[in-house]
Amino acid sequence: MTLLLKPKRQRRFRSDRRTRALTFSTLAWLKFQFLCHAGPTEVGGFGLSHADEPLFIEDVLVVRQLCTFVSVAFEDLAVADLFDEMADAGIPPSRFARVWLHTHPGASVEPSSVDEATFARVFGACDWSIMAILGRTGRMSARLQFTTGPGAAIALPTRVDWSDWPDLAGSLAERVEAWRQDYAAKIHVPRPKDELPRTPSNGSHQHPLDTLDYFPGDWHAFQ
Ligand SMILES: [Zn+2]
């Protein structure tokens, strides 16, 4: 896992909250795109926010997960390990457990019913959180929700800050290799013949894994 804890240059953030957007660093965006196109399934992760700007995503943190075309299930231990790793690095949950990112292996970037249920269950106790979805045609959706006071949800525009691209372009090959290794180690796609249950005898075509969602059942992002 590559963590960009100390940006080389001081970033400046817009102070006008009316023009706020969910903004990805060059590397976070390229890694998110890599994950979206690396295989045939959805892939999930956590956005690591900049210490001074929660809407600026510095990295996409990936944990071990079981992925299908329509769902992702994070491994319980992998989530716990991420929290331990972040705690050891002095990074609070407000920086890495508020922005939930996942890819869709198609054109749609609309949240599924499972996405909505997961977002409500896992992040519903957070004062703020974001669900963002990247599809394969370059489109992305992002929604910011607040649960304090009367609560609110607003769609966020998304953008990429390419300002450090000239400094990073020369090291892209090694970055991609690191992402490839991360993907190979953590993204598990079950083999249908061995691991997927058969179509139920009642004729239902809903895949049993459709009901899995991204997080352990008793886990909440505010922990
Ligand atoms: Zn989804």
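K.L.:
Help me understand the nonpolar core, please; the structure alone is not making it clear to me.
P.N.:
Note on soluble globular proteins: their nonpolar side chains tend to be buried together. In terms of nonpolar packing, the biggest core is built from 40 residues, with Phe32, Phe46, Trp100, Ile130 and Ala132 touching the most fellow members. Of all the elements, helix H1 (residues 26–37) adds the most residues to this core, at 6 residues. Here Phe46 is in contact with Leu61, Phe96, Ala97, Val99, Trp100 and Leu101, once residues within four sequence places are set aside.

K.L.:
Whenever I open this one, the environment of Ile57 confuses me. Can you help?
P.N.:
Mapped onto the elements, Ile57 comes out in strand S3 (residues 53–61). Residue class for Ile57 comes out buried when judged on the 28 C-beta atoms lying within 10 Å of it. Remark: the alpha-carbon pair of Ile57 and Asp161, spanning 104 residues in sequence, is separated by 9.8 Å.

K.L.:
What is the right way to read the sheet that holds strand S5 (residues 72–74) from this model?
P.N.:
One key point about sheets: their strands pair by backbone hydrogen bonds, in either a parallel or an antiparallel sense. Strand order in the open sheet formed by 3 strands is S5-S4-S11, with mixed pairing between adjacent strands. Two strands in the sheet have a free side with no partner beyond their single neighbour: S5 and strand S11 (187–188). The sheet contact formed by strand S4 (residues 65–67) and S11 spans 2 bridges and is parallel. Bridge pairing in S11 links Gln65 to Ile187.

K.L.:
How should I be thinking about the pairing of S3 in this particular structure?
P.N.:
For a regular strand, side chains alternate in direction, first toward one face of the sheet and then toward the other. S3 sits mainly inside the fold: 7 of its 9 residues count as buried. As judged from the 5 bridges shared by strand S2 (residues 44–50) and S3, these two strands associate in the antiparallel manner. Residue pairing for S3: Gly47 is matched across the bridge by Val60. Linking S2 back to S3 in an antiparallel pair, the connection comprises 2 residues.

K.L.:
Whenever I open this one, the confidence of the model for the protein confuses me. Can you help?
P.N.:
It should be kept in mind that the predicted coordinates are not to be read in detail where pLDDT is low. In this model, the protein carries a mean pLDDT of 84, and residues with pLDDT of at least 70 account for 78%. Here residues 194–214 is a poorly scored stretch, pLDDT under 50, and it has 22 contacts once near neighbours within four places are set aside; other chains count.

K.L.:
Would you explain the sheet that holds strand S9 (residues 152–155) in this entry?
P.N.:
Read from one edge to the other, the open sheet built from 8 strands follows the order S9-S8-S7-S6-S2-S3-S1-S10, with strand pairing classed as mixed. Only two strands of the sheet have a single neighbouring strand rather than two, namely S9 and strand S10 (158–161). Here the average twist between neighbouring strands, direction ignored, is 30 degrees. Helix-sheet contacts for H1 involve strand S1 (22–25), S2, S3, strand S6 (99–103), strand S7 (128–134) and S10, and the interaxial angle to S3 is about 50 degrees.

K.L.:
Would you mind showing me how to read the packing of H1 against helix H6 (residues 172–186) here?
P.N.:
The axes of two packed helices give the description: the angle between them and the distance between them. Where H1 contacts H6, the axes come no closer than 11 Å and their chain directions differ by 45 degrees. With respect to their mutual orientation, H1 and H6 come out oblique. Crossing hand, H1 versus H6: right-handed. Together, Leu27, Lys31, Phe34 and Leu35 of H1 and Arg175, Val176, Trp179 and Tyr183 of H6 make up the contact between the two elements. Among the residues forming the contact of H1 with H6, the class breakdown is 6 nonpolar, no polar and 2 charged.

Reading guide: rules and limits
- Residues numbered from 1 in each chain as written.
- Predicted model: local features only at pLDDT ≥ 70, side-chain atom pairs only at ≥ 80, totals over all residues.
- Core = buried A, V, L, I, M, F, W, Y, C linked by C-beta atoms within 7 Å.
- Buried ≥ 20, exposed ≤ 12 C-beta atoms within 10 Å, placed from the backbone.
- Helix = DSSP H or I, 4+ residues; strand = E, 2+ residues; numbered from the N terminus.
- Contact = placed C-beta atoms within 7 Å.
- Pairing = 2+ DSSP bridges.
- pLDDT = per-residue confidence, 0-100.
- Axes fitted to C-alpha atoms, helices over the stretch in contact; angles between N-to-C directions.
- Parallel < 35°, antiparallel > 145°, perpendicular 65-115°, else oblique.
- Left-handed = near helix turned anticlockwise from the far one by under 90°.
- Nonpolar A, V, L, I, M, F, W, Y, C, P; charged D, E, K, R; others polar.

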